[in-house]
Amino acid sequence: MLGALRYNENKVEKGQAVCLVGNMFGFDVHKLTIADKIERFAEPSGRNRKSKTHVVHISLNFAANERNIEKEVLIDIANTYMEMIGFGNQPYLVYQHFDSAHPHVHILS
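Residues numbered from 1 in each chain as written. Predicted model: local features only at pLDDT ≥ 70, side-chain atom pairs only at ≥ 80, totals over all residues. Heavy atoms only, no water.

### Some points on the overall build of the protein
Along the backbone of the protein there are three helices and four strands. Written out in order from the N terminus, the α and β elements of the protein read α-β-α-β-α-β-β. Looking at the protein as a whole, 35% of its 109 residues are labelled buried. Residue pairs at least 24 apart in sequence account for 71% of intrachain contacts in the protein once pairs closer than 6 positions are excluded. Total accessible area on the protein is roughly 6,700 Å²; 52% of this is exposed by carbon and sulfur atoms. (Helix = DSSP H or I, 4+ residues; strand = E, 2+ residues; numbered from the N terminus. Buried < 20%, exposed > 50% of the residue type's maximum accessible area, 1.4 Å probe, protein only. Contact = heavy atoms within 4.5 Å. Areas by Shrake-Rupley, 256 points an atom, 1.4 Å probe, with all protein chains shown as cover.)

### Section: the sheet that holds strand 2 (residues 57–61)
Read from one edge of the open sheet, four strands run 1-3-4-2, paired in antiparallel fashion. The strands lining the two open edges of the sheet, one partner per strand, are strand 1 (17–23) and strand 2. Sheet twist, expressed as the mean angle between neighbouring strand axes with direction ignored, is 20 degrees. In this sheet, strand 4 (residues 104–108) lies alongside strand 3 (residues 92–97) in antiparallel orientation, the contact comprising five bridges. Residue pairing for strand 4: Val94 is matched across the bridge by Ile107. Contacts between helix 1 (residues 2–13) and the sheet are confined to strand 1, strand 2, strand 3 and strand 4, with strand 3 contributing the most and set at about 40 degrees to the helix. Here helix 3 (residues 71–84) sits on the sheet and contacts strand 1, strand 2, strand 3 and strand 4; the angle it forms with strand 2, its principal contact strand, is near 130 degrees. (Pairing = 2+ DSSP bridges. Axes fitted to C-alpha atoms, helices over the stretch in contact; angles between N-to-C directions.)

### Remarks on the nonpolar core
One finds Leu20, Leu60, Leu74, Val94, Val105 and Ile107 to be the most contacted residues of the largest nonpolar core, which totals 13 residues. Among the secondary structure elements, those contributing two or more residues to this core are strand 2, helix 3, strand 3 and strand 4. A total of four residues in this core trace back to one element, the largest contributor, which is helix 3. Within the second largest apolar cluster, ten residues are counted, among which are Ala4, Leu5, Val29 and Leu32. (Core = buried A, V, L, I, M, F, W, Y, C linked by side-chain atoms within 4.5 Å.)

### Description of helix 1
Compared with an ideal rise of 1.5 Å per residue, which puts twelve residues at 16 Å, helix 1 spans 16 Å between its outermost C-alpha atoms and is within 8% of the ideal. Along helix 1, the residues classified as buried are Ala4, Leu5, Asn8, Glu9 and Lys11. Seen along its axis, helix 1 keeps its buried residues to an arc of 150 degrees; they face one direction. In helix 1, the exposed positions angled more than 90 degrees off the buried face are occupied by Gly3 and Glu13. Gly15, located one to two residues past helix 1, shows a positive phi value of around 80 degrees. (Expected span 1.5 Å × (residues − 1). Arc of directions from axis to C-beta.)

### Considering unusual backbone geometry
We note that Met24 has phi near 65 degrees; this positive angle belongs to a residue other than glycine. With respect to the helices and strands, Met24 occurs in the loop between strand 1 and helix 2 (34–45).

Below, the structure written as structure tokens:
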């Protein structure tokens, strides 16, 4: 989890991404530190000791001509996607990246 979180948070620090929303974090994710985010992810991942992988890092990519997708639409797409794969009741973060020719979001759960 730590590597995927640091990757996205480093992009935020460089101005190449923003954290759009967090699901089941209980607070405004913009006010949380990396340590706060790690702590929130640690609780559910500790429930299943048999699990070898504790992170899902998903990238949703859009056509280059869709550069102006509104933030609310990206959040809705990400939330719907997570619901459809059965992860709607998991904590996750959605990051919008600006570092490539096409719009895309990263989802960490």
